[in-house]
Amino acid sequence: DESKKEDTHPVVSIPVELQIAESVLPVGHYQVQAEKDGDEVFLKFYQSQYLMAQVPAIETNDDFGEDTITFAKWIPEGDNKIKLIFGSMDLNAYTFINIKE
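Being a predicted model, the structure only gives us computed values, none of them experimental.

(A) How the structure looks around the overall build of the chain. Looking only at helices and strands, the chain has 1 helix and 9 strands in total. When the helices and strands of the chain are placed in sequence order, the string is α-β-β-β-β-β-β-β-β-β. Taken over C-alpha atoms, the radius of gyration comes to 13 Å for the chain, in line with the 13 Å a tight globule of 101 residues would show. Projected onto its principal axes, the C-alpha coordinates of the chain cover approximately 40 × 30 × 30 Å.

As structure tokens, then:
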């Protein structure tokens, strides 16, 4: 069932506004998907079917010590940015995103 498969993307709750390029990702819950395009990896933030933002990410073999295969979570990184980690069957990746000042 394809619709069930679509719901397997992890959801992350972002408690702060994030500065992504010229735009701001508001506080909220986002479904996170990773997409690989050639050598480039992007993490994409969705609310329902709408793409809200995408950020370049770094692919890694690190599973970040997570117990689950599919996950997305953020970790504070100093006072003004977060590290977003992502894992799935297809790839693991991470990126740093600035918190809006």
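(B) Seen up close, the pattern of salt bridges. According to the stated counting rule, one finds 3 salt bridges in the structure shown. Across the salt bridge formed by Glu66 and Lys73, the nearest N and O atoms sit 3.2 Å from each other. You can call Glu66 partly exposed: its relative accessible area is 22%. Judged by relative accessible area, Lys73 falls into the partly exposed class, the value being 34%.

(C) Local environment of the pairing of strand 4 (residues 28-37). Both strand 1 (residues 11-14) and strand 4 contribute to a ladder of 4 bridges, which runs antiparallel. Considered in strand 4, the bridge of Ser13 is made with His29. Between the antiparallel neighbours strand 4 and strand 5 (residues 40-47) lie 2 residues, among them Gly38 with a positive phi of about 65°.

(D) A look at the nonpolar core. Judged by nonpolar contacts, the single largest core of 20 residues is most densely connected at Ile20, Val32, Leu43 and Phe45. For this core, the secondary structure elements donating two or more residues are strand 1, strand 2 (18-20), strand 4, strand 5, strand 6 (50-60), strand 8 (81-87) and strand 9 (92-99). Excluding anything up to four places from it in sequence, Val32 contacts His9, Pro10, Val12, Leu43, Lys44, Phe45, Ala72, Leu84 and Phe86.

About the thresholds
- Residues numbered from 1 in each chain as written.
- Predicted model: local features only at pLDDT ≥ 70, side-chain atom pairs only at ≥ 80, totals over all residues.
- Heavy atoms only, no water.
- Helix = DSSP H or I, 4+ residues; strand = E, 2+ residues; numbered from the N terminus.
- Rg over C-alpha atoms; globule rule 2.2 N^0.38 Å.
- Salt bridge = Lys/Arg side-chain N within 4 Å of Asp/Glu carboxyl O.
- Buried < 20%, exposed > 50% of the residue type's maximum accessible area, 1.4 Å probe, protein only.
- Pairing = 2+ DSSP bridges.
- Core = buried A, V, L, I, M, F, W, Y, C linked by side-chain atoms within 4.5 Å.
- Contact = heavy atoms within 4.5 Å.

Interpretation note: all reported values are geometric properties and have no functional meaning in isolation.
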